[in-house]
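Remarks on the overall topology
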Amino acid sequence: CDWSSDVCSSDLMFTFTVLGILVAIASLLIPKLYVRFAVPMRIAAVILMIIGSAGSSIVLIPAGYRGVLLQFSAVKGVLTEGIHMVMPGVNTVELLEVRTQKEQAEASAASRDLQTVQCTVALNYHVEPTGVGHLYQTVGSEYRFRVIDPAVHESLKVVTARYTAEDLIRLRDK
């Protein structure tokens with residue numbers, strides 16, 4: 001479990017809430033012989049429920065990420081790095097990385113003289129932090145597989161088709 005993620009945090013807070021409810025129910029079922037334990041158990045139950053409900057409304061956005069704030073699955077805004085309060089059950093947050101990332105792809109293409117060329121292409125890219133909400137709304141969190149990979153493969157085919165196999169080997173460093 002990655003503790004910087006929103007998922008683990010909300011699962012833990014949900015556990016606190018459920019535990020508080022169970023302790024409250026148990027305090028009501030205590031026999032009269034153990035009644036002195038009922039009040040402390042009820043206090044503990046209230047504290048656990050408060051921690052659980054307050055904690056599930058806190059979201060941590062780590063450095064290098066932006067959080068897309070969703071309200072019933074509709075994009076409502078973008079959260080920057082840091083701690084934010086959200087309404088549990090209504091709002092969720094999807095994390096998108098805005099740091100520079102590397103995409104490496106292996107592809108084959110045909111040269112101008114119809115020779116098959118095998119290439120490994122490395123591309124460094126990053127998501128513009130101001131466009132995270134629009135990117136999530138129009139493409140989704142799988143933008144790498146939907147946009148970047150196909151664009152790299154298509155560009156490789158276009159560039160490779162301009163040169164002969166001999167030119168590609170000779171001009172490899174350029």
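Residues numbered from 1 in each chain as written. Predicted model: local features only at pLDDT ≥ 70, side-chain atom pairs only at ≥ 80, totals over all residues. Heavy atoms only, no water.

**Concerning helix H4 (residues 143-161)**
Operational definition: Each helix corresponds to a stretch of at least 4 residues labelled H or I by DSSP, and each strand to a stretch of at least 2 residues labelled E; elements are numbered beginning at the N terminus. To estimate the expected span of a helix, subtract one from its residue number and multiply by 1.5 Å. Accessibility here uses a 1.4 Å probe with only protein chains present; expressed as a share of the type maximum, an area under 20% marks a residue as buried, one over 50% as exposed, and anything in between as partly exposed. Only heavy atoms matter for contacts: two residues are in contact if any of them lie within 4.5 Å across the pair.
With 19 residues, H4 should reach 27 Å at 1.5 Å per residue; the first-to-last C-alpha distance of 27 Å fits that figure. Of all the positions in H4, only Tyr143, Ile148, Asp149, Val152, Leu156 and Thr160 are classed as buried. Of the surrounding elements, those touching the buried residues of H4 are strand E5 (91-97), strand E6 (101-110), strand E7 (116-125), helix H3 (132-138) and helix H5 (165-170).

**Description of helix H2 (residues 38-55)**
Because an α-helix packs 3.6 residues into every turn, residues spaced three or four apart end up facing the same way. Under the convention used in this document: Along the arc lie the directions from the helix axis toward the C-beta atoms.
For H2, spanning 18 residues, the distance from its first C-alpha to its last is 25 Å, which sits close to the expected 26 Å at 1.5 Å a residue. Residues of H2 that are buried: Ala38, Ala45, Leu48, Gly52 and Gly55. The buried side chains of H2 occupy one side of the element, clustering within an arc of 130 degrees when seen end-on.

**Re the environment of leucine 28**
Within the element layout of this structure, leucine 28 appears in helix H1 (residues 6-28). Separated by 114 residues in sequence, leucine 28 and glutamate 142 have C-alpha atoms that sit 49 Å apart.

**Focus on the layout of surface pockets**
Our working rule: Cavities and pockets are defined on a 1 Å grid built over the protein atoms alone: a cavity is a set of grid points where a 1.4 Å probe fits but cannot escape, while a pocket is an open set with protein on both sides within 12 Å along at least five of seven lines, and lining residues are those with an atom within 4 Å of any such point. Grid points are joined across faces, edges and corners, and a volume is the space filled by probe spheres set on the points.
Considering only enclosed or pocket space, the largest pocket measures out at about 540 Å³ in volume. Lining the largest pocket are 18 residues, and of these Cys119, Leu156, Leu168, Leu171 and Arg172 sit closest to its centre.

**Things to note about the environment of alanine 107**
Relative to the elements of secondary structure, alanine 107 occurs in strand E6. Residue alanine 107 is classed as buried on the basis of its relative accessible area of 10%. For the pair alanine 107 and leucine 123, spaced 16 residues apart in sequence, the C-alpha separation works out to 13 Å. Once residues lying within four places of it in the same chain are set aside, the contact partners of alanine 107 are Val117, Gln118, Cys119, His153 and Leu156.

**Quick word on the side chain of arginine 66**
With respect to the secondary-structure elements, arginine 66 resides in strand E2 (residues 65-71). Note on arginine 66: relative accessible area 16%, which makes it buried. Not counting chain neighbours up to four residues away, the residues in contact with arginine 66 comprise Ile61, Val78, Leu79, Thr80, Glu81, Glu94, Leu95, Leu96, Val98, Pro129 and Val132.

**Brief notes about the nonpolar core**
Definition in use: Side-chain atoms within 4.5 Å link the members of a nonpolar core, which is a set of buried Ala, Val, Leu, Ile, Met, Phe, Trp, Tyr and Cys residues.
Core analysis: the biggest nonpolar cluster contains 14 residues, and Val68, Leu96, Val127, Val132 and Tyr143 have the highest contact counts within it. Breaking this core down by element, the ones donating at least two residues are E2, H3 and H4. Discounting residues that sit within four places of it in the chain, leucine 96 has contacts with Gly64, Tyr65, Arg66, Val68, Val132, Tyr136, Ser141 and Tyr143. Counting residues in hydrophobic clusters, the runner-up holds six residues, among them Val59, Ile61, Leu69 and Val86.

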